[in-house]
Amino acid sequence: MNTFRQLRNDLRDIEAIADGYKTKIGHDLWLSDGLQKDAVQNSWDARIDKKHGTDWECGFSIIPFAGNDALCISDSGTTGLNGTKFITEEELASILIRNEKGEDLAYFLNSNWSAKSAEEGGRRGRGKTLFLAASKDKRIFFESLRNKDNSYVFGELYIDTDKQVKFKPFYDQEAKDKFFENSANKFKPLAKYGTRIFIINPENSVKNTVLSGNIIKFISESRWETIKKYQAKIFVDTEEGRKFATLPYWYENSPKDIQGRTYPLEIIKENTHYRVKQLVLRYTQNLDIPEAIKGIAIQRNGMTIQRIQSSELVHDEGIDDIYGWVEMETEPLGQEMGSICEGPEHFDFSWTVKPAKYLRDYIRLRIRDFAKEFKITGEQIKKNKAQRLAEEEAIKSLIPLFKKLGLTGKNIGKKLRKKTKRKADELLRLSAQEIEFPRDNRRVNYGEKIKGTFVIPINEFHKDFRVLIKVFVVSDSGETKVVEEKELNLKNGRGSRVGQDDISVTENEFKKGGYTFRAKMVSLEDTNDNLPDGTRIEKGTILYDRINIKFFVESEPTESGKSPIRFESRPRSDKSFLFEWESDGDNGYVIYYNEIHPRIKPLIGLSEDGSDKLTEYLMEQAAIIAFQIKLEEDLGNNASDDPDFNRIIKSKNIDAVWHIFLKKFSEFIWDANS
Amino acid sequence: MTIKVKKNVNGKQKVVYKTNKFVLTSRDIKEADKFDTELDLTINKIEKVLIELNALTKGGEKKDPELVWYTVGSYINEFLRENIVSKEDEQLFWESLYGRSKLLQKDKPRGKVGMTRNDFLSASLMAKFPYNLVQKVGPWAMWREILSYKALTKDPRLLDWLIEKLIKLNLTRDAARPLLMQLATRFKRLDTSVLSNWELIQKLKDTDLKNTKD
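Residues numbered from 1 in each chain as written. Chains lettered and ligands numbered in written order. Predicted model: local features only at pLDDT ≥ 70, side-chain atom pairs only at ≥ 80, totals over all residues.

### A few points about the overall build of chain B
To be explicit about the condition: Per the convention used, a helix needs a DSSP run of H or I reaching at least four residues, while a strand needs a run of E reaching at least two, with both numbered from the N terminus. We call two residues in contact when the distance between their C-beta atoms, placed using the backbone, is within 7 Å.
Across its full length, chain B holds ten helices and two strands. Reading the helices (α) and strands (β) of chain B from amino to carboxyl end gives β-β-α-α-α-α-α-α-α-α-α-α. Looking at chain B alone, contacts between residues at least 24 apart form 64% of all its contacts between residues at least 6 apart.

### Here we look at the overall build of chain A
Scanning chain A from terminus to terminus reveals 16 helices and 27 strands. Look at the contacts in chain A between residues 6 or more apart in sequence, and 66% of them connect residues 24 or more apart.

### Quick look at the sheet that holds strand β27 (residues 589-594) of chain A
All names here are of chain A. Condition: DSSP bridges decide pairing: two strands pair if at least two such bridges lie between them. Under this scheme, a helix contributes an axis fitted over its contacting stretch, all axes are lines through C-alpha atoms, and angles between N-to-C directions fall in the 0 to 180 degree range.
Judged by pairing direction, the sheet is mixed, and its three strands sit side by side in the order β25-β27-β26 without closing on themselves. Of all strands in the sheet, those with a lone pairing partner are β25 (565-570) and β26 (579-583), marking the two edges. Strand-to-strand twist in this sheet, taken as the mean axis angle between neighbours without regard to direction, amounts to 25°. Both β26 and β27 contribute to a ladder of five bridges, which runs antiparallel. Bridge pairing in β27 links Phe579 to Tyr593.

### What about the pairing of strand β4 (residues 152-159) of chain A?
Residues and elements named next belong to chain A. Strand direction decides the pairing type here: strand β3 (residues 139-145) and β4, joined by seven bridges, are antiparallel. Bridge pairing links Leu145 to Tyr152 in β4. Linking two consecutive strands that pair antiparallel, namely β3 and β4, is a turn of six residues; a positive phi of about 60° is found at Asn150 within it. Both β4 and strand β5 (residues 165-171) contribute to a ladder of seven bridges, which runs antiparallel. Across the sheet, residue Leu157 finds its bridge partner in β5, namely Phe167. Here β4 hands over to β5 after five residues, with Lys163 in that stretch at a positive phi of 70°.

### Side note on the sheet that holds strand β13 (residues 322-328) of chain A
All names here are of chain A. One open sheet holds the five strands; their spatial order is β9-β10-β13-β11-β12, and the pairing between them is mixed. Of all strands in the sheet, those bounded by a partner on one side alone are β9 (259-267) and β12 (303-308). Here the strands of the sheet are splayed against their neighbours by 20° on average, with no regard to which way each runs. Summarising the sheet, strand β10 (residues 275-283) and β13 pair through seven bridges and their orientation is antiparallel.

### Things to note about the nonpolar core
Residue and element names in this part refer to chain A. Formally: For our purposes the nonpolar core covers buried Ala, Val, Leu, Ile, Met, Phe, Trp, Tyr and Cys residues that link as a set through C-beta atoms within 7 Å. Here a residue counts as buried when 20 or more other C-beta atoms fall within 10 Å of its C-beta, as exposed when 12 or fewer do, and as partly exposed in between; the C-beta atoms come from the backbone. Throughout, the edges of the domains are those of an automatic or database domain assignment.
In this structure, Leu71, Ala134, Ile140, Phe198, Ile199, Ile322 and Ile367 are the most contacted members of the largest nonpolar core, which totals 92 residues. Of the residues forming this core, the biggest block, seven residues, is contributed by helix α11 (residues 356-373). Formed jointly, this core draws a minimum of three residues from each of two domains, domain 1 (10-244) and domain 2 (249-373). Beyond its immediate sequence surroundings of up to four residues, Ala134 is in contact with Leu31, Leu35, Leu71, Ile199, Pro202, Glu203 and Val206.

### Observations regarding the environment of Val657(A)
Residues and elements named next belong to chain A. Following the sequence through the fold, Val657 ends up in helix α16 (residues 655-673). The class for Val657 is partly exposed, based on 15 C-beta atoms found within 10 Å. Separated by twelve residues in sequence, Val657 and Phe645 have C-alpha atoms that sit 8.2 Å apart.

### Topic: the pairing of strand β18 (residues 465-475) of chain A
Residue and element names in this part refer to chain A. In this structure, β18 lies alongside strand β19 (residues 480-490), joined through ten bridges in antiparallel fashion. Note that in β19 the partner of Arg466 across the bridge is Asn489. Here β18 folds back onto β19, and the loop between the two strands holds four residues, one of which, Gly478, carries a positive phi near 100°. Pairing analysis gives nine bridges linking β18 to strand β23 (residues 513-523), with the strands arranged antiparallel. Each bridged residue has a counterpart across the sheet, and for Ser475 the counterpart in β23 is Tyr515.

### Some words on the environment of Asn201(A)
Assignment of secondary structure puts Asn201(A) in the loop between β6 (194-200) and α7 (204-212). Distance in space between the C-alpha atoms of Asn201(A) and Lys138(A) is 8.5 Å, their sequence separation being 63 residues.

### Observations concerning the confidence of the model for chain A
In regions of low pLDDT, the predicted coordinates are not meant to be interpreted in detail. Residues and elements named next belong to chain A. Stated precisely, the cut-off is as follows: In predicted models, pLDDT denotes the confidence assigned by the predictor to each residue on a 0 to 100 scale.
In this model, chain A carries an average pLDDT of 86, and 91% of its residues clear a pLDDT of 70 or more. Note that residues 117-124 has pLDDT below 50 and, in this model, 24 contacts with residues that lie over four places away or in other chains. Contacts from residues 410-419, a stretch scored under 50 in pLDDT, to residues over four places away or in other chains number 14 contacts.

### Section: the packing of helix α2 (residues 30-45) of chain A against helix α8 (residues 215-230) of chain A
Residue and element names in this part refer to chain A. Rules: Handedness of a helix crossing follows the sense of rotation of the near helix relative to the far helix, less than a right angle counterclockwise being left-handed and clockwise being right-handed. Polar here means any residue outside two lists: the nonpolar Ala, Val, Leu, Ile, Met, Phe, Trp, Tyr, Cys and Pro, and the charged Asp, Glu, Lys and Arg; Gly therefore counts as polar.
Viewed as axis vectors pointing N to C, α2 and α8 meet at an angle of 40°, and their least axial separation amounts to 9 Å. The handedness of the crossing between α2 and α8 is right-handed. Every residue of α8 that contacts α2 at Ser32, Asp33, Gln36, Lys37, Val40 and Trp44 is listed here: Ile215, Phe218, Ile219, Ser222, Arg223 and Thr226. For the contact of α2 with α8, the residue count by class is five nonpolar, four polar and three charged.

### Some thoughts on the confidence of the model for chain B
All names here are of chain B. With 88% of its residues at a pLDDT of 70 or more, chain B shows a mean pLDDT of 85. Mean pLDDT across the elements of chain B bottoms out in strand β2 (residues 12-19) (67) and peaks in helix α4 (residues 119-126) (94). For this predicted complex, the interface score ipTM comes out at 0.78, while the overall pTM is 0.56.

### A short note on helix α12 (residues 385-405) of chain A
Residue and element names in this part refer to chain A. The line we're drawing: The span expected for a helix works out to 1.5 Å for each residue beyond the first. At any given residue, the bend is defined as the angle formed between two axes, one fitted to the seven residues that end at that position and one fitted to the seven that begin there.
A rise of 1.5 Å per residue sets the reference length of α12, with its 21 residues, at 30 Å; its end C-alpha atoms lie 30 Å apart and thus fit the reference within 8%. Largest kink in α12: about 45°, centred on Leu398, with the proline Pro400 one to four residues after it. Of the residues one or two after α12, Gly406 is the one with positive phi, at around 70°.

### What about unusual backbone geometry?
Residues and elements named next belong to chain A. Residue Pro332 is bonded to the preceding Glu331 through a cis peptide linkage, with omega at -5°. Residue Asp55 is not a glycine yet carries a positive backbone phi of 65°. Even without being glycine, Lys163 reaches a positive phi, approximately 70°. With respect to the helices and strands, the residue Lys163 is situated in the loop between β4 and β5.

### Re the environment of Gly77(A)
Residues and elements named next belong to chain A. Mapped onto the elements of the fold, Gly77 is located in the loop between β2 (68-76) and α3 (89-98). With 21 C-beta atoms counted inside 10 Å, the residue Gly77 sits in the buried group. Along the chain, Gly77 and Trp44 lie 33 residues apart, while their C-alpha atoms are 9.4 Å from each other. Those residues in contact with Gly77 that lie beyond four places of it in its chain are Arg47, Ile48, Thr54, Asp55, Trp56, Glu57 and Gly194.

Here it is as structure tokens:
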């Protein structure tokens with residue numbers, strides 16, 4: 001039986017990749033923008049002088065070629081398409097499979113293959129596919145003069161009638177002959193090291209942006225760092241002559257009327273090695289920042305991948321007047337951002353994935369510092385007492401939910417706490433498995449009972465022991481209440497209960513506050529037996545004292561650490577703003593609420609009753625937000641400890657999100673109101 | 001409760017309200033501020049009294065360390081009778097005493113001071129004994145050593161026995177160390193409350209106290 005190679009419809013693949021660019025770029029001239037970004041990036045990565053980019057040049061022109069108009073993307077000061085001059089398909093396959101550096105020609109001609117390093121731009125082999133997408137005829141030619149062997153290559157890449165991408169490379173003299181043939185002897189082959197790509201019959205939008213020079217805007221906005229640092233020359237031959245991409249005023253050193261601050265090399269997240277080379281934030285009150293420059297440019301390898309809007313990071317008025325850029329250290333941040341978080345089109349990052357999440361949180365914190373330093377945001381409105389109390393009470397009521405969701409403030413909670421293994425069972429021990437509190441969070445109100453307030457002694461030695469078992473409750477202020485003390489002869493196996501069936505919590509017996517249910521077993525006889533750690537069992541030896549169960553009378557759990565959220569009120573006459581939230585770095589999250597929103601305004605500044613209503617409202621809305629925060633955090637980890645959320649993440653079924661939120665919300669509100 | 005702590009962050013002194021509570025409220029901050037002011041006043045009072053007693057110079061030199069710490073302990077015990085500190089905030093309280101007086105301690109310790117090594121807590125425990133007895137046992141360094149062993153301070157009968165023994169043996173701190181260590185190891189896992197006086201004394205006597213038998 002013969003083995004067949006699967007035949008793909010390459011035209012469909014090209015369309016799909018082009019669609020990806022269209023969606024990510026999101027403006028009408030997406031094809032020109034995507035094309036310039038990939039072309040310049042590939043060319044810059046191929047520069048001969050890696051350190052200074054000396055003699056590097058790249059340009060865009062419309063010229064006649066192969067009987068049609070063609071977009072010519074040319075570069076010089078680059079290495080050219082080095083690598084094996086393959087003749088057969090088998091030879092080509094073995095080059096690609098070896099995945100070695102220096103085989104630029106083979107990688108250029110084949111899709112989804114690339115051997116670029118971490119610091120280089122396109123590593124997914126997609127950019128060249130866009131060249132085909134930009135050609136109405138789905139046909140491109142290329143020529144290259146290579147610096148490694150000084151040889152000349154010419155070729156054609158096209159979609160054939162069978163929908164397959166095919167190519168024909170020619171080498172040396174044959175290549176030159178073919179070039180003259182296609183250029184109708186109007187042009188000469190390359191005389192300097194470099195490459196030229198001819199996109200035959202380019203799409204009208206592409207042709208027009210080159211001839212009008214509009215493409216320069218896209219080049220300047222994405223390659224400004226290369227232009228600034230290396231005086232890189234990128235030209236466009238327009239109808240009005242040759243024009244060069246220039247550095248936008250906004251990125252010049254110390255531009256007039258613009259204030260700024262540079263945050264130098266620093267770690268963006270504690271206990272990691274992710275560092276930024278620098279973050280530059282700038283602010284202008286008098287100038288109108290163009291839409292394309294607004295936001296913080298995320299730079300990787302000298303190229304702007306994406307701009308994140310300041311107002312998306314910090315929800316405050318005036319924040320939009322802040323712009324800037326961040327440069328990442330190549331290793332490990334730049335490398336991981338590129339390989340894990342960056343979209344294949346090099347136009348965006350997945351911000352929920354680490355380390356992108358860390359970078360976004362870092363930029364957010366710095367924007368906030370910057371806004372404070374330059375007094376950009378409005379003064380915080382003073383809250384009235386009832387409002388403050390309502391926020392505090394709402395947070396208290398949310399604590400069980402935060403605990404359940406594992407949402408934590410700084411340096412607390414299960415995510416950061418070192419997990420310790422439960423100690424092995426001891427031969428002589430106590431068990432308090434049946435203790436049961438009225439609520440999950442162990443709050444007990446007056447009139448309620450704690451059930452199962454007893455311990456069961458267990459003896460796994462093959463002899464009896466005379467022991468004293470003390471069951472008691474200790475208050476946080478140190479007062480001890482004995483539940484029961486019992487001397488018994490503990491036989492092998494489980495002994496009888498010591499303690500009470502339940503404890504009634506009354507105002508006379510318990511003050512408001514924290515308590516610990518404790519128990520210990522002490523030997524009442526001298527023996528010659530030893531405990532597993534070698535301690536001899538004698539009268540007074542503490543045989544077991546590991547029962548420590550905390551509960552709270554008429555108060556909410558006083559867990560250590562900080563709340564993972566805090567509330568901030570903002571008066572804004574923006575109908576779309578009722579609640580917003582943002583990360584507060586390691587401190588958790590800030591939830592903003594619009595205090596002049598008609599739904600909230602009546603609840604503020606009222607009597608004590610009013611504060612109760614505000615408490616209830618804030619609590620309910622924050623619960624929903626907490627679910628979203630939890631889901632976002634878990635998306636970053638691509639897994640969740642909550643089975644419902646884990647199902648959503650694994651199935652990627654967004655239809656289920658709201659149902660799960662409502663279910664969890666209902667459970668929480670049920671408990672809170674019962 | 002909440003304790004106000006002054007912390008050095010990147011060379012700048014910052015105020016941090018430390019609490020074991022999940023949520024720090026404005027009321028907590030108000031109470032912590034009040035508590036902090038009272039405590040500062042007490043420390044100022046102690047400094048003044050010690051200078052008057054010539055136990056401490058204005059430059060912070062301790063002429064009589066034992067008297068200095070005994071006085072500190074006595075005043076703190078008095079302060080704690082009027083200002084209740086809950087069990088779970090005790091550690092925060094003892095830690096927060098550092099850095100309040102330049103005369104008692106020129107420099108604030110860089111790292112954390114464990115509870116068994118906290119001078120103020122040791123002073124508080126020492127000040128529960130009459131001053132003439134304190135003097136007989138030995139200098140401040142000896143007391144710090146004794147009180148650093150938890151096992152020796154949990155049962156007053158044990159501590160009384162030890163004090164009596166140390167007075168009798170008249171040992172220096174270094175010479176007393178083996179005795180203290182042996183006793184601490186012996187009683188670490190014992191709940192002495194179930195022992196009668198006689199049983200406790202027997203166990204104390206049975207402990208192999210090398211080189212220290214009277």
